[in-house]
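Single-letter residue listing:
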Protein chains: 2
Amino acid sequence: MTTAYSQLRATFTRLSRFSHLSSIAGWDMQTMMPAEGSKARSEALAELSVLQHQILTAAQVGEWLQQARQEDLNDLEQANLREMHRQYQHAALLPESLVEAKSLAGARCEHAWRRQRPANDWEGFADNLREVVKLSRQEATLRAEAAGISRYDSLLDLYEPGMTAVKLDEIFGDLKQWLPSLLQQVVARQQSQHFAQPEGPFAIDQQKALGLKVMKRLGFNFDAGRLDISAHPFCGGVPQDVRITTRYNEQEFITAMMGVVHETGHARYEQNLPKEWLGQPVANARSMGIHESQSLLFEMQLGCSDVFLQSIYPLVIEQFGLRPGLEQANFIKLNQRVQPGLIRVDADEVSYPAHIILRYEIEQALIEGEIEVEDIPALWNSKMQQYLGLDTVGNYRDGCMQDIHWTDGGFGYFPTYTLGAMYAAQLFQTANKAVPTLQEDITRGDLTALFQWLNQNIWQHGSRFSTDQLIANATGETLNTGYFRRHLESRYGELA
Amino acid sequence: MTTAYSQLRATFTRLSRFSHLSSIAGWDMQTMMPAEGSKARSEALAELSVLQHQILTAAQVGEWLQQARQEDLNDLEQANLREMHRQYQHAALLPESLVEAKSLAGARCEHAWRRQRPANDWEGFADNLREVVKLSRQEATLRAEAAGISRYDSLLDLYEPGMTAVKLDEIFGDLKQWLPSLLQQVVARQQSQHFAQPEGPFAIDQQKALGLKVMKRLGFNFDAGRLDISAHPFCGGVPQDVRITTRYNEQEFITAMMGVVHETGHARYEQNLPKEWLGQPVANARSMGIHESQSLLFEMQLGCSDVFLQSIYPLVIEQFGLRPGLEQANFIKLNQRVQPGLIRVDADEVSYPAHIILRYEIEQALIEGEIEVEDIPALWNSKMQQYLGLDTVGNYRDGCMQDIHWTDGGFGYFPTYTLGAMYAAQLFQTANKAVPTLQEDITRGDLTALFQWLNQNIWQHGSRFSTDQLIANATGETLNTGYFRRHLESRYGELA
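Please read these numbers as outputs of a predicted model, since none were measured by experiment.

Student: Residues and numbers for the nonpolar core, please.
Tutor: Core analysis: the largest hydrophobic core is formed by 115 residues, its most contacted members being Phe-172, Leu-218, Phe-253, Met-257, Phe-331, Ile-376 and Leu-450 of chain B. Residues Ile-171, Phe-298, Leu-334 and Leu-438 of chain A belong to the second largest nonpolar core, which totals 112 residues.

Given below as structure tokens:
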């Protein structure tokens, strides 16, 4: 019998095949495509995206979703149906005219931003951003009304289902209690330490070879993925063929290497999503926050730990030889250096949350209509002073114009970075309890037990559970900022 | 006013965007994709191909094609409409059940062939091939009835519009008159010559660097294309972003280098198709024969000429140094060596046509129902004896099982290789008359005038004219085998 659910299954399989092509063509655009291919590629991807939107929001899909609720489905099918419904609603809620207007305004704002940022042209940028904010507010209003939640919460839900401003206020409020003083202490202590800069150059093919060895150590499946180069590192492709990228600088290899560690965390999650469900929404990664928890568990919890750095140190020396600045102790210290700065993407893990809280507070007020675009610079400055003690007056390019997220209306995304950092701490400490030999394992370069635990508790579940349920199943409780605090205090605190 | 023609224009623009994604994902599959991506990629491409077929064969497209005939269209629009109609008919003529059956039988036959060929398993192969032939005959019958032509001609028309078995019999009949004796003479004369094998190894990155320099010399636009590696060299991508490939062997660099020259010929045709019409059928390359004429003009007419080889010789020495066997005279001789052999893809330009004529005669009889699959080996053997004096009895793997074309029903394709070789000779001799300084230009490494002539006469026209018209416009007459004979005699004949 052809059930509504089986029709939905077939429809989402079809959609995932189109997503596959879109992912690969998107990856190609960032890594391989020569300049003159750009226009035709954008048009081809836009055409596919219109098609995907049409298939997903067809009236029949809405009807099948209603009918399938009455059908006899097992737990996984129920979860799959819930995720289908989520996707359908997110797509079907907005009138096509708004989708188009948002896309145009976003493209215009981002395009101009690429030259306005280096030119420090806030006035020019603000003109375009106003339009983006106006349309994002319209979007948020429609989503909020349909879901009976606040406007900003409705955008948060796109990236981190179930997350709300009330919860974030509590979580970030807690961080604001103890993080600034911890940061001050660490900075003060590190000021008396000496950090040597390892002597370059580090040839790019050597750096790539090191990256591949580290990926291998981290269990990356090279029969189902690759490492390439792009201007902005990312993890793309499809679960059967995960494409990660990094970028190289001949003078310095640690950034590229840790970038590879970070993206490998994303990649292993993708490579280990439930195989038998691939193509169905329930097999997708749970949320942006959980995705980031995997990359940050790899990069920060594991990657910047003394034991892991010790374990890969021989690989580094094998590749570059023992040069001045490449002594083991200095190599470890460089990976744990704390230096508050203006730029989020360059931030260490202690100052990073301040960058996020600042953006969260501004974007939330912006979407709820409590502030306007012209209020952003002053707020940015006062919060940078308050959280990091840094002055950005008049420096828009390294201040409120530094990120790409707002240019095309990605409001609600920023919090997932710090949620990910906190989930990562909670998961890693739980894994250490579950696997008492883990620290010794890591020292020996044996990560099997860690990956088994992650697979068991996170990877294999895809989107079967809500984020809260997934974290509670894995760690015995929902998000608890105490883990993140313990992590930072134990790595950077007085007794560290 | 929305005309039927403008509706068609929009539909074909949309189709070309999907083709873009299919081309890039197909290129990626051959060059970048790791093994485990294969199944998901094939499914994604098949899904897209079903979609493209549905869009192209929609009843409305048929109606618009009828209506557009009554509309006021200029010459180019008329030509575009003609090509639209051609695509529509080719796609719409076959019932979906036959398309699917052909695709399945072809995939099965090709898949099994990959192990049957090395195992020399003719019986096993013949079982699958019989099904492919049966379905190809059904296809040919439907196409032939609709077009009022013979069955084999209806398949030829897919690759070389307007070509017929009657014309081919005449053309190939002429070749059979003079080519075998020319071949014998050349072989006899070359037997007394000494060909030294240049001393390897030739590092792959050095070979790639040489290939890129040669591509640059040949005018390849690197802002609109790339060079990569694949098991079987090809030219793919889209006109705005042409992807060519080659493969490397550390012991020998000439094959990879001349492969690059060949694919660059295809690439420059694609890169210079009429820009303002890209996305419309009239902007497509004219035919497989004309496409091959460009790659063979680059590889054989230009690439293997003394003057061109002299002009790139300094690049070769710059890359590899003057090694034993890399003396200029020997380098030129190696590129003009004639050695009849069993394998088509390894054949020189003098023996190549024999491989094609043999395949043409067999596939034509097969499609017309004059012979059956079990008759192939005996025919193959007798024709190999007759045309090349070689014995293949019992050697199926290097005989009738060597090519991939028949495995998935690509009957009618083979003749385009030799048509391309003959068009290439005709075009190149005409260009030399039109540009009296051409030989000196080539010696100096200046190919501007040649490329201007090709652009003027071939590239910029896309599919505006029929093949006959295009060749007649360019050279003053339709295909004339005399040019090809003069070329071979002047390069390889007694007086050469």
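Student: Help me get a handle on the relation of the copies chain B and chain A, residues and values and all.
Tutor: Overlay of chain B on chain A (RMSD 0.0 Å): rotation 180 degrees, translation along the axis 0.0 Å. The symmetry that links the two subunits is that of a two-fold axis.

Student: So what about the packing of helix α1 (residues 4–31) of chain A against helix α3 (residues 59–68) of chain A? Which residues, and what values?
Tutor: Residue and element names in this part refer to chain A. As a packed pair, α1 and α3 sit with axes 8 Å apart at the nearest point and diverge in direction by 135 degrees. Taken together, the axis directions place α1 and α3 in an arrangement best described as oblique. Relative to α3, the crossing made by α1 is left-handed. In this structure, α1 contributes Ala-4, Tyr-5, Gln-7, Leu-8 and Thr-11 to the contact, and α3 contributes Val-61, Trp-64, Leu-65, Gln-67 and Ala-68. Residues that form the contact of α1 with α3 fall into these classes: seven nonpolar, three polar and no charged.

Student: Quick rundown of the UniProt feature "active site" (unreviewed entry) in chain A? Include the residues and the values.
Tutor: As recorded in UniProt, the sites labelled "active site" (unreviewed entry) are Glu-263 of chain A. As for its placement among the helices and strands, Glu-263 of chain A is situated in helix α10 (residues 254–271).

Student: Can you tell me about the sheet that holds strand β1 (residues 225–229) of chain A, naming the residues and giving the values?
Tutor: All names here are of chain A. One open sheet accounts for three strands, arranged β1-β3-β2; its pairing is mixed. Each edge of the sheet is formed by a strand with only one pairing partner; in this case those strands are β1 and β2 (235–238). Recorded for the sheet is a direction-independent mean angle of 20 degrees between the axes of neighbouring strands. For β1 and strand β3 (residues 241–246), the ladder comprises five bridges, and the chain directions are parallel. Directly across from Ile-229, in β3, lies its bridge partner Thr-246.

Student: Can you break down the sheet that holds strand β2 (residues 235–238) of chain B residue by residue, with the values?
Tutor: Residue and element names in this part refer to chain B. Taken in spatial order, the three strands of this open sheet run β1-β3-β2, and their pairing is mixed. Each edge of the open sheet is held by one strand with a lone partner, namely β1 (225–229) and β2. Neighbour-to-neighbour, the strand axes of this sheet turn through a mean angle of 20 degrees, independent of strand direction.

Student: So what about the interface of chain B and chain A? Which residues, and what values?
Tutor: Taken together, the contacts link 33 residues of chain B with 33 residues of chain A. At the boundary of chain B and chain A, one finds ten salt bridges. With a closest N to O distance of 3.4 Å, Asp-241 of chain A and Arg-41 of chain B form a salt bridge. At the surface where chain B touches chain A, the tally comes to 16 residue pairs in polar contact (both at pLDDT 80 or more). Within the residue set of the side of chain B that touches chain A, elements represented by two or more residues are α1 (4–31), α2 (38–57), β1 and β3 (241–246) of chain B.

Student: Quick rundown of the packing of aromatic side chains? Include the residues and the values.
Tutor: Under the criterion given, the structure shown has 40 aromatic pairs over all chains. Taking 4.9 Å as the distance between ring centres and 80 degrees as the angle between the ring planes, the aromatic pair formed by Phe-202 of chain A and Phe-320 of chain A counts as edge-to-face. Here the residue Phe-202 of chain A occupies a position in the loop between α8 (165–191) and α9 (204–217), and Phe-320 of chain A occupies one in helix α12 (residues 306–320), the gap between them amounting to 118 residues. Exposure class is identical for Phe-202 of chain A and Phe-320 of chain A. Each is buried. Geometrically, the ring pair formed by Phe-414 of chain B and Tyr-417 of chain B is tilted, given 6.3 Å between the ring centres and 40 degrees between the ring planes. Residue class for Tyr-417 of chain B comes out buried when judged on its relative accessible area of 14%.

Student: Could you give an account of helix α14 (residues 352–367) of chain A, naming the residues involved and the relevant values?
Tutor: When the terminal C-alpha atoms of α14 of chain A are compared, their 23 Å separation across 16 residues agrees well with the 22 Å that a helix rising 1.5 Å per residue should span. Counting buried residues in α14 of chain A gives 16 out of 16 residues, a clear majority hidden from the surface.

Thresholds, definitions, all that
Residues numbered from 1 in each chain as written. Chains lettered and ligands numbered in written order. Predicted model: local features only at pLDDT ≥ 70, side-chain atom pairs only at ≥ 80, totals over all residues. Heavy atoms only, no water. Core = buried A, V, L, I, M, F, W, Y, C linked by side-chain atoms within 4.5 Å. Buried < 20%, exposed > 50% of the residue type's maximum accessible area, 1.4 Å probe, protein only. Least-squares fit on C-alpha atoms with pLDDT ≥ 70 in both. Axes fitted to C-alpha atoms, helices over the stretch in contact; angles between N-to-C directions. Helix = DSSP H or I, 4+ residues; strand = E, 2+ residues; numbered from the N terminus. Parallel < 35°, antiparallel > 145°, perpendicular 65-115°, else oblique. Left-handed = near helix turned anticlockwise from the far one by under 90°. Contact = heavy atoms within 4.5 Å. Nonpolar A, V, L, I, M, F, W, Y, C, P; charged D, E, K, R; others polar. UniProt positions renumbered as here; feature names shortened; annotations may be inferred. Pairing = 2+ DSSP bridges. Salt bridge = Lys/Arg side-chain N within 4 Å of Asp/Glu carboxyl O. Polar contact = N/O pair within 3.5 Å; in protein donor to acceptor, adjacent residues only side chain to side chain. Phe/Tyr/Trp six-rings, centres within 6.5 Å; stacked < 30°, edge-to-face > 60°. Expected span 1.5 Å × (residues − 1).

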